[in-house]
Each structure stands twice: as C-alpha cells, then as structure tokens.
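Residue-level structural notes
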Amino acid sequence: SLSLSLSLVQANMGGHMSLLDADKVFDARMNKGNKSPSVRGSERIKDFVQWLFSQRESKFVVSGHSLYFRWFFRMYLPHGLQHIAKQKKIANGGIVAFEVVQDSKGSVQILPNSITSVYLGFAK
C-alpha cells in the first residue's frame, strides 16, 4: 500500500520526510548542467543506462521530463511491441515503475509486463 511504501521510504532515509538528508537522496555527480545542442538525447539516455548497470544498487527512483521517459521506453521496449509507454507521456506528476534488465551480451530491455502505473500513469 502507499502508506506502507511511504513508511519504508521514511525508515530507509532516516525518519520523517521533512528531515531527509539531501546527500542521501540526491546525487548530482552526473549532472553536467545544461545539455549541449550537439549531444543527442539518445546518447544521454544510453549514458544513463550504462551508469545504472555500473551501480551496486538494484533499485532506483528517477525523476525527469515525460518526453525523456517516452524516448527511454521507445529505445528499450522491444521494437515490434505496441505499448502505451511508447505513445503517451507519463502524466504530469505521474509515477510509473518498471524493470530494466541487461543480458550477458550487454543488450538492455525494459520488461514490458513490469510496467506499472503507481500514480496517475500515462497521459490520456
């Protein structure tokens, strides 16, 4: 349930949400400021995925622009698959959970059946 999830977040982050230590919940080391016009969005997404699979952790909370995530879904959902995530943006303020896997050859894919609307989901 949502209240259980919030309690787990609070417990893992050291207590009440208002007392969160920003160093524990926000890592800006990869923030390079404004994107350069010469850098394609697909390259930034590939860099992010490479970073994900270089981490010890296996679960991440990521926020960003809905267009970024639509391109992310288009790049990593199976090519022939029709899915709302490829067509619609995540709703403003929406939360969507999904699993990204990498095989032994380095190929990355979002598991289509893992895509779950947590809050608001995809825009209508």
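Analysis parameters
- Residues numbered from 1 in each chain as written.
- Predicted model: local features only at pLDDT ≥ 70, side-chain atom pairs only at ≥ 80, totals over all residues.
- Heavy atoms only, no water.
- Helix = DSSP H or I, 4+ residues; strand = E, 2+ residues; numbered from the N terminus.
- Expected span 1.5 Å × (residues − 1).
- Contact = heavy atoms within 4.5 Å.
- Phe/Tyr/Trp six-rings, centres within 6.5 Å; stacked < 30°, edge-to-face > 60°.
- Buried < 20%, exposed > 50% of the residue type's maximum accessible area, 1.4 Å probe, protein only.
- Core = buried A, V, L, I, M, F, W, Y, C linked by side-chain atoms within 4.5 Å.
- pLDDT = per-residue confidence, 0-100.
- Polar contact = N/O pair within 3.5 Å; in protein donor to acceptor, adjacent residues only side chain to side chain.

A few words now on helix H3 (residues 41–52). In this model, H3 (12 residues) spans 17 Å end to end at C-alpha, consistent with the 16 Å of a helix rising 1.5 Å per residue. Looking at the buried residues of H3, the elements they touch are helix H4 (66–76) and strand S3 (108–110).

Inspection of every chain in the model, using the stated rule, returns 9 aromatic pairs. Consider the rings of Phe-48 and Phe-72, whose centres lie 6.4 Å apart with planes at 65 degrees: the pair is edge-to-face. Of this pair, Phe-48 sits in helix H3 while Phe-72 is found in helix H4, placing the two residues 24 residues apart along the sequence. Overall, the relative accessible area of 2% leaves Phe-72 in the buried class. A centroid spacing of 5.5 Å and a plane angle of 85 degrees characterise the contact between Tyr-68 and Phe-69, whose relative ring orientation is edge-to-face. Every member of this aromatic cluster is reached through a ring pair, and the members are Phe-48, Trp-51, Phe-60, Tyr-68, Phe-69, Phe-72, Phe-73, Tyr-76, Phe-98 and Phe-122.

Bringing the nonpolar core into the picture now. Within the largest apolar cluster, 17 residues are counted, with the highest numbers of intra-cluster contacts made by Phe-72, Phe-73, Tyr-76, Ile-110, Ile-115 and Phe-122. Taken together, the elements giving at least two residues each to this core come down to H3, H4 and S3. For Phe-122, the contacting residues outside a window of four places in its chain are Phe-73, Ile-84, Ala-85, Lys-88, Lys-89, Ile-90, Ala-91, Val-96 and Ile-115.

With that settled, the discussion passes to the confidence of the model for the chain. On average, residues of the chain score 79 in pLDDT, and 69% of them reach the 70 mark or higher. Mean pLDDT values for the elements of the chain range from 49 in helix H1 (residues 2–12) up to 93 in helix H5 (residues 84–87). Confidence over residues 1–6 falls short of pLDDT 50; this stretch has 1 contact with residues more than four positions distant or in other chains.

Here we come to the side chain of His-83. In this fold, His-83 is placed in the loop between H4 and H5. Taking relative accessible area as the criterion, His-83 reaches 19% and is therefore assigned buried. Within the local environment of His-83, its side chain forms a polar contact with the backbone nitrogen of Ala-85, the two atoms lying 3.0 Å apart. Beyond its immediate stretch of four places on either side in the chain, His-83 contacts Leu-77, Pro-112 and Ile-115.

For Tyr-68, the location among the structural elements is in helix H4. Along the primary structure Tyr-68 and Ile-90 are separated by 22 residues, whereas in three dimensions their C-alpha atoms are 9.8 Å apart. With sequence-adjacent residues up to four places away left out, Tyr-68 is seen in contact with Arg-44, Ile-45 and Phe-48.

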